[in-house]
Amino acid sequence: MQWDFWTLSADSAQQTGKFGMGNEESAVPEADRDGAARGSSPQFGRRWFLRGVACGAVGTVAAGALGESAEAATPSPPPPGGGSNQDDYNLEATRDGQRSVPFYGQYQAGIATPPQTASTFLAFDVTAGNRGELIQLFQTLTARAAFLTAGGTPPAVPPGAPPSDDRLLGPTVLPDDLTVTVALGASLFDGRYGLGPAKPAQLETMKAFAHDNLDPAISDGDLLLQLCGSHRDTVGHAMLDILAHTAGSMRIRWRIDGFRFPPRPVGIPRDWMGFKDGITNPNTADPTDMNQQVWVQPGPPEPAWTAGGTYQVLRIIRMLLDQWNVVPVEEQERIFGRRKISGAPMYATSPDAPDTLDPIYTNDPQGLVTPLNCHIRLANPQTPQTAATSNILRRSFQYDRSPDPAGNPDMGHAFCCFQQQLSTYIAMQTRLENEMLVPYISPIGGGYFFALPGVQNPQDYYARTLLT
């Protein structure tokens, strides 16, 4: 039997450097942008892509049926909320991977969805030859995402034919809370596909802030694919499947694998620095909050197609842990603006204070308790002047790419957030240029993207209203 699936995966591995299923070599640069798969002929990748498209139309209908059956047979996840609700969701994840997150809807999953424990962010250079091929690419992406997130049995193939699935998850593809979230970079709106007039109003290439050390090899991209699931094999399987079906029309530029720690001892998970991460967020279960802070609304200055989408920021932030870990805990708390063990505000004296408690600064105008230039106070100073630029939806993960070329640990934060206006994040990050945390972190990559509106039904596909 000829294992073409794995042959393609090997070609893709040559092209991107390494498909490690752990966290090593998480971000892999792709310098060659000529559109031909390295280590294979262009016709080989093109043949795979067209076969994927041929399956795409059938797959879209099949995925719709699978989605309906999964919705009927599988309990829906609990309504996403903030704080401990997200942790309860993770702790209650079924071990057998049968639970699915609905794919179709007004908004993409993977944004308001409570964060899963495993993730991969892949930035691509789109190599589709024309607008028609670009449409085929998004149709194929849609068909694969619909099937993978619903789960089901891969189609049978004749004896001697290449397998339709790598069987990494067994004879049946398990949904395992998988979400596939697609976002577009500013570079996709250049002259190649005639999309310039429809570019989201605030979408731009990420510029370096003070103290950034951005590496072009792990920055920007035409398209960002965010894959999240309850287990690493689920995310890896989805990545290989999508790469196999889209090899002729997009190619990995860089990649970062992420994960979330269990919430020890309770509450919200920690980052590598030992602090609770992503405490303050909009209430994702409240449509008013989300419509005001996250989802783009209809009307100017945004193009009509963007309604229901959102601006996505991904920042790869290396943590200088060798320097951080020698700082006394009391000083670490002043740098962050929260208690390290509990996650509670600085003025909380009870060890049982909840880590979801929002700090209040009205009784501390001079920053004697919570320093004026600590992390959380600059992120949200709670002043009338900064009220409109302080609300983002954080959905971050940790990463570990150790060792770096010099043999040092490369560990940190895959900071991910969503907001209705990109200017909200830029204003917040500009304030953070002067934070006390600066000597202990080094932002090294990432980008700005626009997360597409949701796929409404089996007849719809990613970016349809942009492309037609």
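The coordinates are above.
To start, this report covers the structure provided alongside it. All of these numbers come straight from a predicted model, not from anything done at the bench.

Reading the values: the criteria
Once a new chain begins, its residue numbering starts again from 1 and follows that chain's sequence as written. For a predicted model such as this one, the threshold for reporting local features is a pLDDT of at least 70, and the threshold for listing and counting side-chain atom pairs is 80 or more; totals across whole chains, interfaces and linings nevertheless cover every residue. With hydrogens and water set aside, each side-chain value is computed from the structure's full complement of heavy atoms. By the criteria applied, helices consist of DSSP H or I runs no shorter than four residues and strands consist of E runs no shorter than two, each listed in order from the N terminus. For the exposure calls, accessible area comes from a 1.4 Å probe over protein chains only, and a residue counts as buried if that area is under 20% of its type's maximum, exposed if over 50%, partly exposed in between. By definition, residues are in contact when any of their heavy atoms lie within 4.5 Å. Computed by Shrake-Rupley with a 1.4 Å probe, the accessible areas treat only the displayed protein chains as cover when residues are assessed. Classification of ring pairs uses Phe, Tyr and Trp, with its six-membered ring standing for Trp, and accepts pairs whose centres are within 6.5 Å; under 30 degrees between planes counts as stacked, over 60 as edge-to-face, and the remaining range as tilted. A positively charged side chain is recorded as over a ring if its NZ (Lys) or CZ (Arg) lies within 6 Å of the ring centre. The angle to the ring normal must also be within 35 degrees. For our purposes a nonpolar core is just a set of buried Ala, Val, Leu, Ile, Met, Phe, Trp, Tyr and Cys residues, chained together by side-chain atoms within 4.5 Å. A helix is expected to reach a length of 1.5 Å times the quantity of its residues less one. Polar contacts, as counted here, are pairs of nitrogen or oxygen atoms within 3.5 Å of one another; within protein the pair requires one atom able to donate a hydrogen and one able to accept it, and residues that are adjacent in sequence qualify only if both atoms are side-chain atoms. Only strands that DSSP links by at least two bridges are regarded as paired with each other. Think of a patch as exposed residues, more than 30% relative accessible area, with no salt bridge, where like charges cluster within 9 Å and nonpolar side chains (Val, Leu, Ile, Met, Phe, Trp, Tyr) cluster within 5 Å. Salt bridges are counted wherever a side-chain nitrogen of Lys or Arg sits within 4 Å of a carboxyl oxygen of Asp or Glu.

## Quick word on the overall build of the protein chain
A count of helical and extended segments in the protein chain gives 11 helices and 9 strands. Put simply, the protein chain has 468 residues, and 58% of those count as buried. A separation of at least 24 residues holds for 78% of the contacts in the protein chain among residues at least 6 apart in sequence. If you sum the accessible surface of the protein chain, you get close to 18,900 Å²; carbon and sulfur atoms cover 57% of it.

## Some points on the packing of aromatic side chains
Aromatic ring pairs are reported here in terms of the distance separating the ring centres and the angle at which the planes meet. Counted under the stated rule, the structure contains 17 aromatic pairs. On the numbers, 5.0 Å between centres and 80° between planes, the contact of F103 with Y104 is edge-to-face. Classification of F103 by relative accessible area gives buried; the value is 13%. Overall, the relative accessible area of 24% leaves Y104 in the partly exposed class. A centroid spacing of 6.2 Å and a plane angle of 65° characterise the contact between F275 and W324, whose relative ring orientation is edge-to-face. Pair noted here: F275 is in the loop between β4 (250-259) and α6 (287-293) and W324 is in helix α7 (residues 321-324), with a separation of 49 residues, a long-range link. Just as F275 is buried, W324 falls in that class too. Put simply, the rings of F189, W305, Y311 and F450 pair up and form one aromatic cluster. The lysine or arginine in question, R260, covers the ring of F397, its NZ or CZ lying 6.0 Å from the ring centre.

## Focus: the nonpolar core
One finds F138, L223 and Y462 to be the most contacted residues of the largest nonpolar core, which totals 80 residues. Top contributing element to this core by residue count: helix α4 (residues 131-150), with 9 residues. Ignoring anything within four residues of it in the chain, the contact list for L223 reads L122, A123, F124, V126, F138, L141, V182, A183, L184, G185, M250 and F449. Within the second largest apolar cluster, 24 residues are counted, among which are I218, I256, V294 and F449.

## Thoughts on α4
Helix length check: α4 (20 residues) gives 29 Å between terminal C-alpha atoms against 28 Å at 1.5 Å per residue, within 8%. In terms of burial, α4 is largely enclosed, as 16 of its 20 residues are buried. The N-cap of α4, judged by a side-chain oxygen 3.0 Å from the amide nitrogen of G132 a few residues on, is N130. Where α4 ends, the next residue or the one after it, G151, has phi of about 80°, a positive value.

## A look at the side chain of T113
Mapped onto the secondary structure, T113 falls in the loop between α3 (84-91) and β1 (118-126). Assessed through its relative accessible area of 12%, T113 is described here as buried.

## A closer look at the pairing of β4
Burial of β4 is extensive: 10 of the 10 residues sit out of reach of the surface. Two strands pair when backbone bridges link them, and β1 and β4 are joined in this way by 9 bridges, in the antiparallel orientation. Looking at the pairing, F124 lines up with I252 of β4.

## So, a nonpolar patch on the surface
Residues Y347, I360, L368 and V369 make up a contiguous nonpolar surface patch of roughly 390 Å² in combined accessible area. Mapping L368 onto the fold places it in the loop between α8 (329-336) and α9 (375-379). Residue classification places L368 among the exposed residues on the basis of a relative accessible area of 63%.

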